[in-house]
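Commentary on secondary and tertiary structure
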Amino acid sequence: MIDQIRRFLSDQKLDAVLVTRTDCFLGEYYPPEHRQLSQATGFSGSAGLAVVTQDQKVLFVDSRYTEQAKIESDYQVFEVPRDTTPSDWIIKNLKGKKIGYNPWQRSAQWVALMKQKEIDLQEIAWQKWQELFPQEKSKKPKVFRYDTTYCGETTRAKIQRVVKVLKKKELDAYVFTVPDSVSYILNKRSSAVSDYPVVFERLIVFNDGTYRELPADVSVLKNKAIGLDFALTPMGVYKKLKQVAKIVDCEDPAEKMKSVKNAVEQNNIRQATLFESKVICRFLAFVEQNKERLDELSCDQKLKELRSESPLYRGDSFDTIAAVGEHAARPHYKATPQSNKSVSEAPLLLVDTGGNYLNGTTDMTRTICIRNPTDEMKKRYTQVLKGHIALAMTAVQEGDLPTQLDQNARQFLRADGVDYGHSTGHGIGMYLAVHETPPTIHEKSPTPLKAGMLFSNEPAYYKAGEYGIRLENMILTVAGPGNTLILENLLWIPFDSRLVITEMLTEGEKEWLRSYHRGILDRIYPDLSAEEQEAIKPLLDFFMFL
Ligand SMILES: [Mn+2]
């Protein structure tokens, strides 16, 4: 392949070519027609960017994929942003060179930034791109209406909210280019893949309240003032629109709209998470009963089987991470038949998993004791748990940034000189993407908290090559007295008493754990079989006597 790419460079009089994993919606969705990154490099992960010149071939991946990329590919691998970012590397190494790229796979904002830095980007026509990376045609996914019993607001009402934004900004129309946003506004979903059940369309909303799919011929927008989110729009779309219309960079209004769940959505997600809590409690019971014969892949199977008992289950919201021992030190580990480990091989098992149900998307993580944890593991587990509780107990007001939540979750680890490399939490879609922005629970998050936001609380600790710990619940913000926000916990799944050092807990933390575990007894226990109740006792038991 590399020879073909280099021949292509000479034929096209280019010095370099960029190959990304993104589809033409800038997403990581992976239909067969966008297999170019793995074709070029051999690397099969879900995100990455490669640059090929006549004498260099480099691959940029994030920390979850560094190891995998080095195994799968013979490219020089850079970890982003620890080593460098692709943009910085390009600016440093390729100034003055002609760099070919596919304008449907880079954002208008990124292209503008590169041009500012005097990087010579050359568009490669779709036809030429396909000659270089021959693609199979993918099947059209089945699209269906997402009922208002689940989403709680009609398309008409959502369009009216967009029209308000248009009037305020004196725009004639807005072009939505992100599948999540289009699916949200049109109340449509598809069966494309279970972890991203969106429709792959772009949408125009006019300020008179009419709307339509963005057609190939965009003359309908001639001379109109249109809003577009440059960071979320492929250069190919931007250019087409720019030829006919006056375009203005304007934040995608659906991002904020969908980040606040309405009352119907809130009730639905409460039900989905209650069902999911039962699934996980039954799963934990199953692990206790079958430690000796379970492995990472069979954990995944069991979870799917338990979820399938709900008629609303449409598949997992992401690939389950069932990670034994050192596998858990990689936050996005995915078991393969080659890597598959048996559960009883190490002291700890980490399971991060979620379902996509018609009434909501779920995401949770527990780390459980399989046998003989070390004192260090217990100390780290307790520190992560204290951080989880601290976040859950944080007093929050409407309009606060998530800074304090993030700092509270990290404080006990940081006081001990360690930390974790990812955000403490992420927004969660409503039968949409499991990672949704806003909000992001991070020190630098720019988005204030509001009532109706749904996000994860997932502090962690990773010791490379040895083990990993992560404890994740889902939180819904609800308006409290005055200006306060109540952080409503949505998941009822035991923490593992066998991994807690009681002496490290304050009275307040013990009270939180007691009431949380009482919640499990009230809400989940009655629906478990006698054997299941008995099996998860070792996790729960101890909290009764705190
Ligand atoms: Mn999560």
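To be clear, the structure that these remarks concern was listed above.
Structure report, in brief. (Residues numbered from 1 in each chain as written. Predicted model: local features only at pLDDT ≥ 70, side-chain atom pairs only at ≥ 80, totals over all residues.)

**With respect to the overall build of the protein chain**
Applicable threshold: Strands are runs of DSSP state E lasting at least 2 residues, helices are runs of H or I lasting at least 4, and numbering of each runs from the N terminus. In this scheme every C-beta is placed from the backbone, and a residue whose C-beta has 20 or more other C-beta atoms within 10 Å is buried, one with 12 or fewer is exposed, and one in between is partly exposed. For every residue pair, C-beta atoms are placed from the backbone, and the pair is scored as a contact if these atoms sit within 7 Å.
Broken down by element type, the protein chain carries 18 helices and 27 strands. In terms of its C-alpha atoms, the protein chain occupies a principal-axis envelope of roughly 70 × 55 × 45 Å. For the protein chain, the residues scored as buried account for 46% of the 546 residues in total. Put simply, 67% of the contacts in the protein chain that link residues at least 6 apart link residues at least 24 apart.

**A look at the sheet that holds strand β5 (residues 98-101)**
Rules: Note: two strands are recorded as paired if DSSP finds a minimum of 2 bridges between them. Axes here refer to lines fitted to C-alpha atoms; in helices the fit is confined to the stretch in contact. Angles between the N-to-C directions go from 0 to 180 degrees.
Overall, mixed pairing links the 6 strands, which are arranged β4-β3-β2-β1-β5-β6 in an open sheet. If you trace the sheet from one side to the other, it starts and ends with β4 (76-80) and β6 (120-123), each paired once. For this sheet the average axis-to-axis angle between neighbouring strands, irrespective of direction, equals 25 degrees. In the sheet, strand β3 (residues 57-62) pairs with β4 via 5 bridges, with the strands oriented parallel. Bridge pairing links F60 to F78 in β4.

**Let's talk about the packing of helix α14 (residues 375-392) against helix α15 (residues 403-415)**
Quick note on the threshold: When describing relative orientation, an angle under 35 degrees is termed roughly parallel and one over 145 degrees roughly antiparallel, while 65 to 115 degrees is termed roughly perpendicular and anything else oblique. By the definition used in this description, the sense in which the near helix is turned from the far one sets the handedness, with an anticlockwise turn below a right angle giving left-handed and a clockwise turn giving right-handed.
At a minimum axis separation of 7 Å, α14 and α15 run at an interaxial angle of 160 degrees. Classified by the angle between their axes, α14 and α15 sit roughly antiparallel to one another. Remark: the crossing between α14 and α15 carries right-handed chirality. Mapping the contact onto sequence places Q383, K386, G387, H388, A390 and L391 in α14 and L405, N408, A409, R410, Q411, F412 and L413 in α15.

**Brief notes about the sheet that holds strand β15 (residues 321-324)**
What the 3 strands build is an open sheet, ordered β15-β16-β19; its pairing is antiparallel. Of all the strands in the sheet, the pair left with one neighbour each is β15 and β19 (364-369). Averaged over all adjacent pairs, the angle separating strand axes in this sheet is 10 degrees, with direction ignored. Judged from the 6 bridges that link them, strand β16 (residues 348-353) and β19 form a sheet pairing that is antiparallel.

**Points about the packing of helix α12 (residues 263-290) against helix α13 (residues 296-307)**
Using the following cut-off: Each residue receives one of three labels: charged for Asp, Glu, Lys and Arg, nonpolar for Ala, Val, Leu, Ile, Met, Phe, Trp, Tyr, Cys and Pro, and polar for the others, Gly being one of them.
The interhelical angle for the contact between α12 and α13, taken along N-to-C directions, is 140 degrees, at an axis separation of 10 Å. With respect to each other, α12 and α13 are oriented oblique. The element α12 and its partner α13 pack so that their crossing is right-handed. Residues V279, R282, F283 and F286 of α12 form the contact with α13, whose participating residues are K302, L303, L306 and R307. In terms of residue class, the contact of α12 with α13 is built from 5 nonpolar, no polar and 3 charged.

**Details of unusual backbone geometry**
Across the junction of V80 and P81, the peptide omega takes the value -5 degrees, indicating a cis bond. If you trace the backbone, P81 turns up in the loop between β4 and α4 (86-93). Phi at E118 is positive, roughly 60 degrees, even though this residue is not glycine. Relative to the assigned elements, E118 resides in the loop between α5 (108-116) and β6. One non-glycine residue, N372, lies in the positive phi region at around 35 degrees. Within the secondary structure, N372 sits in the loop between β19 and α14.

**A look at the environment of Q56**
Along the polypeptide, Q56 turns up in the loop between β2 (49-53) and β3. Along the sequence, Q56 and A16 sit 40 residues apart, while their C-alpha atoms lie 9.0 Å from each other.

**Side note on α15**
A turn of α-helix holds 3.6 residues, and therefore any two residues three or four places apart point the same way. What counts is decided by this rule: In a helix, the anticipated span is given by 1.5 Å times the number of residues less one.
Taking 1.5 Å per residue, 13 residues should reach 18 Å; α15 reaches 17 Å between its end C-alpha atoms and fits that length. Each element contacted by the buried residues of α15 is listed here: α14, β22 (436-441) and β23 (454-457). Positive phi appears at G417, one or two residues downstream of α15, with a value of about 85 degrees.

**A short note on the pairing of strand β25 (residues 467-470)**
The alternating pattern of β25 places Y467 and I469 on one face and G468 and R470 on the opposite face, and all of these are buried. Across 4 bridges, strand β24 (residues 460-463) lies against β25 in antiparallel orientation. Paired with A460 across the strands is R470, a residue of β25. The hairpin turn running from β24 into β25, its antiparallel successor, is 3 residues long, and G465 in that turn takes a positive phi close to 80 degrees.

**What to know about the nonpolar core**
Keep this limit in mind: Nonpolar core, as used here: buried Ala, Val, Leu, Ile, Met, Phe, Trp, Tyr and Cys residues forming one set through C-beta atoms within 7 Å.
Judged by nonpolar contacts, the single largest core of 122 residues is most densely connected at A173, Y174, I226, L241, L284, L348 and L349. With 11 residues, the top contributor of residues to this core is α12. In this view, L349 contacts V287, V324, V343, I368 and I370; residues no more than four positions away in its chain are not counted. In this structure, F43, V58, L59 and V80 belong to the second largest nonpolar core, which totals 29 residues.

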